[in-house]
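The chain contents come next:
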Amino acid sequence: PTNNVGQGVKPTVNQWFRGDVAPFGGIEWAATDRLSFKAEYSSDAYPLEVSSGFITRNSPWNVGLDYRFKSGSQLSVYSKSGSEIGAMFSFGSNPRYAPSAGGIDVAPTPVKVRTPAEIKDLGWTEASVTSDVRPRLKAALERESLVYEGLDLSAHAATLRLRNATYNSEPQALGRAARAMSRILPGSVESFTIVPVSKGMELAAITFQRSDLEQLEHAPASELLKRTQIADGRGKAPAAESGLYPKLDWNFGPFMTLSVFDPDNPVRVDLGVRLSGTYKITPNWELSGSIAKKAAGNLDSVTRSTPTTLPRVRTDYASYSRQGDPSLESLTLSHFGRPGQDLYSRVTVGYLEKMYAGVSGELLWKPVDSRLALGAELNYVQQRDFDQMLGLRSYDVMTGHVSAYYSFGNGFHGQVDAGRYLAGDYGATFALDREFANGWRVGAYATLTDVPFDDFGEGSFDKGLRVSIPLDWMLGKATRKVNTVTIQSLTRDGGARVNVNNRLYGRVRDYHRPDLTNEWGRVWR
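Conventions adopted
- Residues numbered from 1 in each chain as written.
- Predicted model: local features only at pLDDT ≥ 70, side-chain atom pairs only at ≥ 80, totals over all residues.
- Heavy atoms only, no water.
- Helix = DSSP H or I, 4+ residues; strand = E, 2+ residues; numbered from the N terminus.
- Buried < 20%, exposed > 50% of the residue type's maximum accessible area, 1.4 Å probe, protein only.
- Contact = heavy atoms within 4.5 Å.
- Core = buried A, V, L, I, M, F, W, Y, C linked by side-chain atoms within 4.5 Å.
- Phe/Tyr/Trp six-rings, centres within 6.5 Å; stacked < 30°, edge-to-face > 60°.
- Lys NZ or Arg CZ within 6 Å of the ring centre and 35° of its normal.
- 1 Å grid on protein atoms, 1.4 Å probe; cavity = no way out; pocket = protein on both sides within 12 Å on 5 of 7 lines; lining within 4 Å.
- Points joined across faces, edges and corners; volume = space filled by probe spheres on them.
- Nonpolar A, V, L, I, M, F, W, Y, C, P; charged D, E, K, R; others polar.
- Salt bridge = Lys/Arg side-chain N within 4 Å of Asp/Glu carboxyl O.
- Lys, Arg positive; Asp, Glu negative; His and termini not counted.
- Polar contact = N/O pair within 3.5 Å; in protein donor to acceptor, adjacent residues only side chain to side chain.
- Pairing = 2+ DSSP bridges.
- Axes fitted to C-alpha atoms, helices over the stretch in contact; angles between N-to-C directions.
- Expected span 1.5 Å × (residues − 1).

Participant: Looking at this structure, how should I read the overall build of the protein chain?
Facilitator: Across its full length, the protein chain carries 11 helices and 24 strands. When its C-alpha atoms are laid out on the principal axes, the protein chain stretches across 95 × 65 × 40 Å. Here the protein chain, with 525 residues, has 43% of them falling under the buried criterion. Partitioning the intrachain contacts of the protein chain with sequence separation of at least 6 by distance along the chain shows that 57% fall at a separation of at least 24.

So this is what it looks like as structure tokens:
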């Protein structure tokens, strides 16, 4: 009889170990340390697959050989079911070890140790001397691939406004900036406060004592951490100097959109090119967008029927792929701010993503020393036309969530989002991620709402896995770019959220104590 698996997820215990016995087995012979031969027998005739034309089966035997190279890569050749011959080349890598050990970045400049006379000299406070410090520090930070935005300077203290567009490890950026300050600033300046900013938001205020930098440059990084002060950066950054804004950043490159677990075609993909850009009007205001042109792919060929009692908030994705070529993926105006102590804000309006336009607002509470953060987001969106240009469809909805984030330590991060989703359903999303010291991130999530499993469809509820690979690990060269792949079951309408760029938590926590402590070992890199 035909097995009934329902919508999936629920174990079909009543069907386990039932039916006729069907023997199968295999054997492998290692002829050498690198060469091996395999043979396997299966009595499964695959009647459904054969009758549907998916496969041809002329034999119950499968055979193959594997050859492993010194590099760890492997070449495999096989014959399957007497009707198919194939070859495969595979290679593996241990995420614990970067392909380029130690990296290929230029070494940072060493800390300059002051003489007693330089420490006591206050003659530099004259305007003719201080006017030379800022351009020299700006040039020194540029050599470290860091962006100088402003400096407050007094006889014994300096505060630097810094933007890090290069280093995925934030302590590495802080360490290089502090070393540059030690070589440029007058000797009497003992206290260095660095205020990293992102989207114009002051994320923290990290204070080093210059004498600690001089004494501990070759000591374990943990010794410097003990003497470093980390505080909320709100109101502590110098104003951005004139001439820095407005500024245009743009990028042109390939893209890949992946879909898996469609029973008609387990892997679907679109490939193409994307032009994206951000026009930074002021430190806190920016206009951004992207356009894409598909070169090849099969996401537009999905024909699988997806009956649903819910509004079709995501299951029309094939129509967007089919008609949106080329497409205006997004076009938004955003503002980022610090409305209060420990508070961060974002407001975004425009074409938020490929399927929805509208307005999105977010508020995040995150103390600089806390493992806990709380957030709230409210969105009013309207569905876009399938061609992904400027037109809109009739469906609109108000969605919103309250969120709790917690850093458990040892790289584990948990998140719970509870609220209303795009189809009007209510529920919560639970996520757990593990972030490793080298920047790799692996996690899983699941969303449960008031949509019954039968109404949701195959899979019963939304869930998935995600892997983020930092490009600096692959290239050996500093970059903040990260490639994230999300593997989820078939796209359904229940538990769907708006995809908004630049949500706050991931951007804010980077310079707070829990995350800085985890990566502090790179402060001297």
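Participant: What should I look at first to understand the environment of Thr193 in this one?
Facilitator: Note on placement: Thr193 falls in strand β8 (residues 191-198). Those residues in contact with Thr193 that lie beyond four places of it in its chain are Ala158, Thr159, Leu160, Ala205, Ile206 and Thr207.

Participant: Teacher, can you tell me more about unusual backbone geometry here?
Facilitator: Glycine aside, residues mostly have negative phi, and peptide bonds are mostly found in the trans state. Omega for the bond connecting Tyr245 with Pro246 falls within 30 degrees of zero, at 0°, which places this linkage in the cis form. Within the secondary structure, Pro246 sits in the loop between β11 (229-231) and β12 (247-262). One non-glycine residue, Ser81, adopts positive backbone phi at about 60°. Following the sequence through the fold, Ser81 ends up in the loop between β4 (74-80) and β5 (84-90). Phi at Ser145 takes a positive value of approximately 65°, unusual for a residue other than glycine.

Participant: In this structure, what is going on with the side chain of Asp316? I would like to understand it.
Facilitator: Position of Asp316 among the secondary structure elements: in the loop between β14 (285-297) and α7 (317-323). Those residues in contact with Asp316, other than ones at most four positions away along the chain, are Phe386 and Arg393.

Participant: Mind showing me how you'd approach the nonpolar core here?
Facilitator: A general tendency of soluble globular proteins is for nonpolar side chains to be buried together. Leu137, Leu141, Leu160, Leu185, Ile194, Phe208 and Trp520 are the most contacted members of the largest nonpolar core, which has 50 residues in total. Ranked by residues supplied to this core, first place goes to helix α4 (residues 170-184) with seven residues. Setting aside anything within four residues of it in sequence, one finds Trp520 in contact with Pro171, Leu174, Phe208, Ala221, Ser222, Leu224, Leu225 and Thr228. Judged by nonpolar contacts, the second largest core, of 20 residues, contains Met355, Val381, Val397 and Ala496.

Participant: I tried to follow the packing of aromatic side chains on my own but got confused; where do I start?
Facilitator: Working definition: an aromatic ring pair is given by the centre-to-centre distance plus the angle between the planes. For the coordinates displayed, the defined rule picks out 10 aromatic pairs. Their ring planes at 80° and their centres at 5.1 Å tell us that Tyr67 and Phe69 sit as a pair that is edge-to-face. Ring plane angle 55° and centroid distance 6.3 Å describe the contact between Phe69 and Phe89, whose orientation is recorded as tilted. Here Phe89 lies in strand β5 and Phe69 lies in the loop between β3 (61-68) and β4, a separation of 20 residues in the sequence. Look at Phe89 and you get exposed, because its relative accessible area is 52%. Each member of the aromatic cluster is reached from another via a ring pair, and the members are Tyr67, Phe69 and Phe89. A cation over a ring is seen here: Arg338 above Tyr344, with NZ or CZ 3.9 Å from the ring centre.

Participant: What am I meant to see in empty space enclosed by the protein here?
Facilitator: Over the atoms rolls a probe the size of a water molecule, and in doing so it shows where empty space is left. Going through the model one piece at a time under the given rule, you end up with two cavities of 30 Å³ or more. Roughly 60 Å³ of volume is contained in the largest cavity. If you trace the largest cavity, you find it lined by Thr447, Leu448, Thr449, Val451, Phe453, Phe456, Ser460, Phe461, Asp462, Gly494 and Gly495. Broken down by secondary-structure element, the contributors of at least two residues to the lining of the largest cavity are β22 (441-449) and α8 (453-456). Ranked by residues supplied to the lining of the largest cavity, first place goes to β22 with three residues. Broken down by class, the residue content of the lining of the largest cavity amounts to five nonpolar, five polar and one charged. Together, Lys366, Ser370, Arg371, Ser407, Tyr505, Arg509, His512, Pro514 and Asp515 line the second largest cavity. Broken down by class, the residue content of the lining of the second largest cavity amounts to two nonpolar, three polar and four charged.

Participant: In this structure, what is going on with the pattern of salt bridges? I would like to understand it.
Facilitator: Close approach of charged atoms lets side chains of opposite charge pair. Per the counting criterion, the structure on display carries 35 salt bridges. One salt bridge in this structure joins Asp417 and Arg497, with 3.5 Å as the shortest N-O distance. Taken together, the residues Asp417 in strand β20 (residues 412-420) and Arg497 in the loop between β24 (482-488) and α10 (504-508) connect sequence positions 80 residues apart. Overall, Asp417 belongs to the buried group, its relative accessible area being 5%. Taken together, the shared-partner salt bridges in this structure form one network comprising Arg346, Glu362, Glu377, Asp417, Arg497 and Arg503.

Participant: Help me understand the side chain of Asp425 in this model?
Facilitator: Structurally, the position occupied by Asp425 is in the loop between β20 and β21 (426-435). Buried Asp425, no salt bridge; nearest opposite-charge side chain is Arg420, N-O distance 7.1 Å. Among the polar contacts listed, one links the side chain of Asp425 to the backbone nitrogen of Gly495, at a separation of 2.8 Å. Each residue touching Asp425, except ones within four places of it in the same chain, is listed here: Gly419, Arg420, Thr449, Asp450, Val451, Gly494 and Gly495.

Participant: Any chance you could explain the sheet that holds β3 here in plain terms?
Facilitator: One open sheet holds the five strands; their spatial order is β1-β2-β3-β4-β5, and the pairing between them is antiparallel. At either margin of the open sheet sits one strand with a lone partner, and together these are β1 (24-30) and β5. Here the strands of the sheet are splayed against their neighbours by 15° on average, with no regard to which way each runs. With seven bridges connecting them, β1 and strand β2 (residues 35-42) associate as antiparallel partners.

Participant: Would you mind showing me how to read α4 here?
Facilitator: Residue pairs three or four apart in sequence face the same way in an α-helix, which turns once every 3.6 residues. Taking 1.5 Å per residue as the helical rise, α4 with its 15 residues ought to reach 21 Å, and the 22 Å between its terminal C-alpha atoms agrees with that figure. By the criterion of burial, α4 is predominantly enclosed, with 14 of the 15 residues buried.

Participant: It is not clear to me how the pairing of strand β23 (residues 462-470) should be interpreted in this structure. Could you clarify?
Facilitator: For a regular strand, side-chain orientation follows a simple rule: the groups alternate between the two sheet faces. Bridge count between β22 and β23: seven bridges; the pairing is antiparallel. By the bridge assignment for β23, Ala444 is matched with Leu465. As judged from the seven bridges shared by β23 and β24, these two strands associate in the antiparallel manner. Bridge assignment links Ser468 to a residue of β24, and that residue is Thr484.

Participant: Help me out: how do you make sense of the environment of Glu223 in this one?
Facilitator: Within the secondary structure layout, Glu223 lies in helix α6 (residues 221-226). Sequence separation between Glu223 and Asp212 is 11 residues, and the spatial gap between their C-alpha atoms is 9.1 Å.

Participant: Would you mind going over the pairing of strand β10 (residues 205-209) with me for this structure?
Facilitator: Taken across its five residues, β10 has four buried, putting it largely inside the fold. Note: β8 against β10, four bridges, orientation antiparallel. Of the residues in β10, the one forming a bridge with Thr193 is Thr207. Here β10 runs beside β11; their pairing, made up of three bridges, is antiparallel. In the sheet register, Ala205 faces β11, and the bridge partner there is Ala231.

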